[in-house]
Amino acid sequence: MIVNNVTLILENELVTGSLEMRDGLIASFSETPSRQPGALDGEGAYLLPGLVELHTDNLDKFFSPRPKVDWPAHSAMSSHDALMVASGITTVLDAIGVGDVRDGGHRLDNLSKMIDAIRDSNRKGLNRAEHRLHLRCELPHHATLSLFEALMSTPELSLVSLMDHSPGQRQYASLEKYREYYQGKYALNDQQMDAFEHEQLTLAAQWSQPNRQAIAALCRARNIAIASHDDATEAHVEESHGVGSAIAEFPTTLEAARASRAKGMQILMGAPNIVRGGSHSGNVAAWALAAEGLLDILSSDYYPAALLDAAFRLAADERNALALPQAVALVTRNPARALGLEDRGVIAEGRRADLVLAHTDHGHPHIRHVWTQGRQVY
């Protein structure tokens, strides 16, 4: 397969030319057009590595499209996978919440249904993207550790994040924002919200620290990558680094981002934060971290199409020094390397032919084609 007349987004430069895929790998690329008949004309569009997504909650939306609606697993997984490749994502860590009582994360059967769908579709070769597993462990719950122990030997498990969404700290330092979000999410009146808030504080006091230490120890023993989540202070970062976190997911303040960098942690922020121009929770803006050189990885989080859009927006933002190759690395090379996936994430000979063809003819990126291991999937 040869793609002709494209702007190749390499690690450190843009090159106009062509690329050849063979046997699932990038065989070669050149600064000159190919003269081989049958080559695909890229019409001057960008050719970049397939996007690598470390944290998306998107799968859950298809399994539970409405409250109290359970969708058939094969259909949910297929629809989720289709959206991933349509967004240019060729490697995805499907994030599944463990310990979130109201969203079904307290039940092994509900969690197993989603994980089994990932594993079964992988085994049958039904997926177009490569799907792995990210367990989001909500620490302030009594069931979190036992559920994690039941799931930790899943072969697809590639990342574990340690989360505490209790009110008054981290993402929800603002109680007003906390109440606004959860009252809207669960349709709680003021009295119900008061009870919910009290319950979460009580659970956090009892379970957060024991669960953090126990789950992190199990991850270290199995060489499973650990991510912190919503660190807000230098003390939070010290705690996260102390239990072995290599990735700082969504630090909420500049202080926490600086401390994470000082500890050598990879800083991950949400692509929707870039697209929207700031955090929906009132926390630090991702562009502000980029401007200080404190941004390593972007994640689409709750909106898959945000990933590619955010990379191009960052490259066009004069407030930071990121050229397009460096901005694209935030969604390709850097997340791949954070997981030790050296076979993908860059355009180089011998690497996986996971590729995205996108143009910006109308001012923002539109995806034309996607390949995974040399096979066109979109």
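Rules used in this analysis
- Residues numbered from 1 in each chain as written.
- Predicted model: local features only at pLDDT ≥ 70, side-chain atom pairs only at ≥ 80, totals over all residues.
- Heavy atoms only, no water.
- UniProt positions renumbered as here; feature names shortened; annotations may be inferred.
- Helix = DSSP H or I, 4+ residues; strand = E, 2+ residues; numbered from the N terminus.
- Pairing = 2+ DSSP bridges.
- Polar contact = N/O pair within 3.5 Å; in protein donor to acceptor, adjacent residues only side chain to side chain.
- Contact = heavy atoms within 4.5 Å.
- Buried < 20%, exposed > 50% of the residue type's maximum accessible area, 1.4 Å probe, protein only.
- Arc of directions from axis to C-beta.

Looking at an unreviewed UniProt entry, the protein chain carries the name Alpha-D-ribose 1-methylphosphonate 5-triphosphate diphosphatase, with the source organism given as Pantoea piersonii.

### Regarding the UniProt feature "domain: Amidohydrolase" (unreviewed entry) in the protein chain
Following the UniProt record, one finds the feature "domain: Amidohydrolase" (unreviewed entry) at residues 221–378. Along residues 221–378, the helical share is 34% and the strand share 19%, with 39 Å between the first and last C-alpha atoms.

### Here's the deal with the pairing of strand β15 (residues 366–372)
As paired strands, strand β14 (residues 355–359) and β15 are joined by five bridges and run antiparallel to one another. Looking at β15, one finds that H359 is bridged to H366. Relative to strand β16 (residues 375–376), β15 runs antiparallel, the two sharing two bridges. Bridge assignment links T372 to a residue of β16, and that residue is R375. Taking the residues between adjacent antiparallel strands as the criterion, β15 and β16 are bridged by two residues, where Q373 takes a positive phi near 50 degrees.

### Here we look at the side chain of T154
Relative to the helices and strands, T154 resides in the loop between α4 (144–151) and β9 (157–163). For T154, the side chain forms a polar contact with the main-chain oxygen of L151, separated by 2.7 Å. With residues near it in sequence (within four places) discarded, T154 still touches I115, R119 and L133.

### With respect to the environment of H74
Take H74: it is sitting in helix α2 (residues 73–86). Sequence separation of H74 and D120 is 46 residues, and the distance between their C-alpha atoms is 9.1 Å.

### Here's the deal with helix α7 (residues 234–242)
Spacing of three or four residues puts side chains on the same side of an α-helix, whose turn is 3.6 residues. Considered for burial, the residues of α7 that qualify are H236, V237 and S240. Looking straight down α7, one finds its buried side chains confined to an arc of 95 degrees; they lie on one side. Summarising the geometry of α7, the exposed residues directed more than 90 degrees from the buried face are A235 and G242. Buried residues along α7 sit in contact with β10 (225–229) and α8 (254–262). Positive backbone phi, approximately 105 degrees, marks G244, located one or two places after α7.

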